[in-house]
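Now for the letters of each chain:
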Amino acid sequence: MNKMKRSAQMALCGMIAALCTMFMFLTGVFPFATYAVPALAGILMIVVVVETNVKWALLVYVAVSILGIFITPDREAAMMFVAFFGHYPIVKLFLERVRPRILEYIFKIICFNICIIAAYLVIIFVFQMPDILTEMGSFGKYSALVLLGLGNVVFIVYDFATTRLITAYIDWFRPKFLRRFK
């Protein structure tokens, strides 16, 4: 790997890390974006995975996660990035190699559920925010399970959209706009 390519990769990773961190910081301005902002920051991680490699992507993920935990006003949004959206583009790369395809989707759903449940356990017990459970109010005692089920549906849509964005990035955006960097 020549120095130009390595320096371009480093610059790209720095820009993506800065953008992800900026998006995470915006949860203080737009508090309704607790889930949308980490998902958008996770989409930016796709560029790092495609243009560099898994090691660089992991470095960006760790950097944004640490910065997100310390400077993001919305702890729940930061945990969503740390626990799922930040590393999912990296994990997705490996999960999509699993065959048969039904097994791939089963592993993806298991990964999502483990990550989200772990995130909320950390939010409740480490960040000492048990009021998240009481925010659901009279929604019912099974509200957490209902929300997890709805989250699985949204995750399937997110995964499908992420796959389409990766394909569009590789097949359309890269050849059209990034051909001189290859």
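Heads up: the structure comes first, above all this text.
Before going into details, it helps to say that this report is about the structure given with it. (Residues numbered from 1 in each chain as written. Predicted model: local features only at pLDDT ≥ 70, side-chain atom pairs only at ≥ 80, totals over all residues. Heavy atoms only, no water.)

Time to look at the side chain of T27. Inspection of the secondary structure assignment puts T27 in the loop between helix 1 (3–25) and helix 2 (36–51). Once you skip the residues sitting within four places of it in the chain, T27 turns out to touch A33, V37, T72, P73, D74 and A77. (Helix = DSSP H or I, 4+ residues; strand = E, 2+ residues; numbered from the N terminus. Contact = heavy atoms within 4.5 Å.)

Attention shifts here to a nonpolar patch on the surface. Judged by side-chain polarity, F25, V62, I66, L67, F70 and I71 come together as a nonpolar surface patch covering roughly 590 Å² of accessible area. Counting residues per element, the nonpolar patch draws most heavily on helix 3 (residues 54–71), at five residues. Looking at the secondary structure, you find I71 in helix 3. (Patch = residues over 30% accessible without salt bridge, like charges linked within 9 Å, V, L, I, M, F, W, Y side chains within 5 Å. Areas by Shrake-Rupley, 256 points an atom, 1.4 Å probe, with all protein chains shown as cover. Salt bridge = Lys/Arg side-chain N within 4 Å of Asp/Glu carboxyl O.)

Right, let's get into the packing of aromatic side chains. Scanning the entire structure with this criterion turns up 14 aromatic pairs. Where F84 meets F112, the ring centres are 5.2 Å apart and the plane angle is 85 degrees; that geometry is what we call edge-to-face. Of this pair, F84 sits in helix 4 (residues 75–85) while F112 sits in helix 6 (residues 101–125); the two residues are 28 residues apart in sequence, bridging distant segments of the chain. Classification of F84 as buried rests on a relative accessible area of 0%. For F112, a relative accessible area of 7% corresponds to the buried category. (Phe/Tyr/Trp six-rings, centres within 6.5 Å; stacked < 30°, edge-to-face > 60°. Buried < 20%, exposed > 50% of the residue type's maximum accessible area, 1.4 Å probe, protein only.)

In this section: the packing of helix 4 against helix 6. Running from N to C, helix 4 and helix 6 point in directions that differ by 145 degrees, and their axes come no closer than 9 Å. Helix 4 and helix 6 meet at a crossing whose hand is right-handed. Packed against helix 4, whose contacting residues are E76, M79, M80, A83 and F84, the element helix 6 presents F112, C115, I116, A119, Y120, V122 and I123 at the interface. The residue inventory of the contact of helix 4 with helix 6, partitioned by class, reads 11 nonpolar, no polar and one charged. (Axes fitted to C-alpha atoms, helices over the stretch in contact; angles between N-to-C directions. Left-handed = near helix turned anticlockwise from the far one by under 90°. Nonpolar A, V, L, I, M, F, W, Y, C, P; charged D, E, K, R; others polar.)

Right, let's talk about the nonpolar core for a bit. Core analysis: the biggest nonpolar cluster contains 26 residues, and I16, C20, M45, V60 and F81 have the highest contact counts within it. Contributing elements (two or more residues each) for this core: helix 1, helix 2, helix 3 and helix 4. Setting aside residues no more than four positions away along its own chain, V60 makes contact with C13, I16, A17, M45 and V48. In terms of nonpolar packing, the next biggest core, distinct from the first, is built from 18 residues, Y88, I116, A119 and I123 among them. (Core = buried A, V, L, I, M, F, W, Y, C linked by side-chain atoms within 4.5 Å.)

Turning to the pattern of salt bridges, a few remarks are in order. The final tally for this structure, using the stated rule, is eight salt bridges. For the salt bridge of E96 with K92, the shortest nitrogen-to-oxygen distance reads 2.5 Å. You can call E96 partly exposed: its relative accessible area is 25%. Note on K92: relative accessible area 1%, which makes it buried. Between D159 and K108 there is a salt bridge, with its nearest N and O atoms 3.1 Å apart. Of the two residues, D159 sits in helix 8 (residues 143–177) while K108 sits in helix 6, which places them 51 residues apart along the sequence. K108 gets classed as buried once you look at its relative accessible area, which sits at 1%.

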